[in-house]
Amino acid sequence: MNTGNYNKKYIDYVSSIAPKTNEKRSLLRAFWVGGTICIIGQFIRFTLQLVFGLYGDVLSGVTSIILIFIGSFLTGLGVYDRIGKYAGGGSIVPITGFANSVVSPAMDFKTEGYIYGLAAKMFTVAGPIIVFGVAGSVLVGIIYYVIGLFV
């Protein structure tokens with residue numbers, strides 16, 4: 001049995017029905033939408049700093065909370081999904097994309113109840129990111145600690 005022939009037929013079939021993408025247009029959209037989200041975040045940061053006198057970790061924390069709220073709110077309204085469809089990867093890189101990845105599954109599974117639907121499915125996309133982020137930060141902290149013992 002010649003599996004190479006089946007593989008070629010499958011690849012040809014997928015190529016024939018897959019939508020054609022314009023890579024330059026996709027990259028441009030991702031760049032300007034992701035950049036715009038970051039500019040909005042920077043505007044929020046400057047406003048909090050100038051108007052409310054926040055600085056340091058408090059400023060960073062409040063800015064992050066506001067961006068997470070905006071991303072979650074726009075997901076709830078269905079707007080962030082349209083932004084994501086238009087911008088592709090440009091919408092998932094900033095913190096608002098992370099908020100979208102938590103809220104979107106929670107909304108999809110809320111009909112299954114608060115425990116088995118909303119709470120269980122909320123972190124299906126973001127869960128691995130959180131786990132590996134925490135594990136990576138612990139590993140880096142241990143490395144810094146060990147280096148500090150010898151310096």
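Peer 1: Mind laying out the side chain of threonine 63, listing which residues take part and the relevant values?
Peer 2: Mapped onto the elements, threonine 63 comes out in helix H3 (residues 56–77). Each residue touching threonine 63, except ones within four places of it in the same chain, is listed here: Gly41, Ile44, Arg45 and Leu48.

Peer 1: I'd love a proper account of the packing of aromatic side chains, names of residues and values included.
Peer 2: Evaluated as defined, the whole model comprises 2 aromatic pairs. When the centroid spacing of 5.8 Å and the interplanar angle of 15° are considered together, the rings of phenylalanine 69 and phenylalanine 73 count as stacked. In this pair, phenylalanine 69 and phenylalanine 73 both sit in helix H3, 4 residues apart, roughly one turn of the helix.

Peer 1: Describe in detail the environment of leucine 27, supporting the description with residues and values.
Peer 2: Position of leucine 27 relative to the elements: it lies in helix H2 (residues 23–52). The spatial distance from the C-alpha of leucine 27 to the C-alpha of alanine 87 is 8.4 Å, given a sequence separation of 60 residues.

Peer 1: Residues and numbers for the pattern of salt bridges, please.
Peer 2: If the charged atoms of two oppositely charged side chains come close together, the side chains can form a pair. Within the structure shown, the criterion is met by 1 salt bridge. In this structure, lysine 8 engages aspartate 12 in a salt bridge whose closest nitrogen and oxygen atoms are separated by 3.1 Å. Placement of the pair is lysine 8 and aspartate 12 together in helix H1 (residues 3–17), with a separation of 4 residues, close to one helical turn. Taking the relative accessible area as the measure of exposure, aspartate 12 reaches 40% and is therefore partly exposed.

Peer 1: Tell me about the packing of H3 against helix H5 (residues 95–108), and please be specific about residues and values.
Peer 2: It is the contact of H3 with H5, at a shortest axis distance of 8 Å, that shows an interaxial angle of 40°. Classed by the angle they form, the pair H3 and H5 counts as oblique. The two elements H3 and H5 meet at a crossing, and its hand is right-handed. Judged by residue contacts, Ser64, Leu67, Ile68, Gly71, Ser72, Thr75 and Gly76 of H3 engage Ile95, Thr96, Ala99, Asn100, Val103, Ser104 and Met107 from H5. Along the lines of polarity and charge, the residues of the contact of H3 with H5 split into 6 nonpolar, 8 polar and no charged.

Peer 1: How would you explain a nonpolar patch on the surface if you had to name every residue and give the values?
Peer 2: The grouping of Phe98, Phe123, Ile129, Ile130, Val134, Val138, Ile142, Tyr145, Val146, Leu149 and Phe150 at the surface amounts to a nonpolar patch, some 1100 Å² of accessible area in total. Counting residues per element, the nonpolar patch draws most heavily on helix H7 (residues 127–150), at 9 residues. With respect to the element layout, valine 146 can be found in helix H7. A residue is classified by how much of its surface remains accessible, and valine 146, at 37% relative accessible area, is partly exposed.

Peer 1: So what about the side chain of threonine 96? Which residues, and what values?
Peer 2: Relative to the helices and strands, threonine 96 resides in helix H5. In this view, threonine 96 contacts Ile37, Leu67, Gly71, Tyr80 and Ser91; residues no more than four positions away in its chain are not counted.

Peer 1: I'd like a rundown of the confidence of the model for the protein chain, residues and numbers included.
Peer 2: Regions with low pLDDT carry predicted coordinates that are not meant to be interpreted in detail. Confidence along the protein chain averages 88 in pLDDT terms, with 97% of residues attaining 70 or more. Averaged pLDDT values over the elements of the protein chain bottom out at 76 in helix H6 (residues 114–121) and peak at 95 in H2.

Peer 1: Before we move on, could you go through the environment of serine 64 and cite the residues and values that matter?
Peer 2: Following the sequence through the fold, serine 64 ends up in helix H3. For the pair serine 64 and isoleucine 44, spaced 20 residues apart in sequence, the C-alpha separation works out to 9.5 Å.

Peer 1: Please give an account of H2 that cites residues and values.
Peer 2: Turn by turn, an α-helix covers 3.6 residues, leaving residues three or four places apart pointing in a common direction. The end-to-end C-alpha distance of H2, which contains 30 residues, comes to 43 Å, matching closely the 44 Å that a straight helix rising 1.5 Å per residue would cover. If you check which residues of H2 are buried, you get Ala30, Val33, Gly34, Ile37, Gly41, Ile44 and Leu48. At its buried positions, H2 is contacted by H3, helix H4 (79–87) and H5. Downstream of H2 by a residue or two, glycine 53 has a phi angle that is positive, lying close to 70°.

Reading guide: rules and limits
- Residues numbered from 1 in each chain as written.
- Predicted model: local features only at pLDDT ≥ 70, side-chain atom pairs only at ≥ 80, totals over all residues.
- Heavy atoms only, no water.
- Helix = DSSP H or I, 4+ residues; strand = E, 2+ residues; numbered from the N terminus.
- Contact = heavy atoms within 4.5 Å.
- Phe/Tyr/Trp six-rings, centres within 6.5 Å; stacked < 30°, edge-to-face > 60°.
- Salt bridge = Lys/Arg side-chain N within 4 Å of Asp/Glu carboxyl O.
- Buried < 20%, exposed > 50% of the residue type's maximum accessible area, 1.4 Å probe, protein only.
- Axes fitted to C-alpha atoms, helices over the stretch in contact; angles between N-to-C directions.
- Parallel < 35°, antiparallel > 145°, perpendicular 65-115°, else oblique.
- Left-handed = near helix turned anticlockwise from the far one by under 90°.
- Nonpolar A, V, L, I, M, F, W, Y, C, P; charged D, E, K, R; others polar.
- Patch = residues over 30% accessible without salt bridge, like charges linked within 9 Å, V, L, I, M, F, W, Y side chains within 5 Å.
- Areas by Shrake-Rupley, 256 points an atom, 1.4 Å probe, with all protein chains shown as cover.
- pLDDT = per-residue confidence, 0-100.
- Expected span 1.5 Å × (residues − 1).

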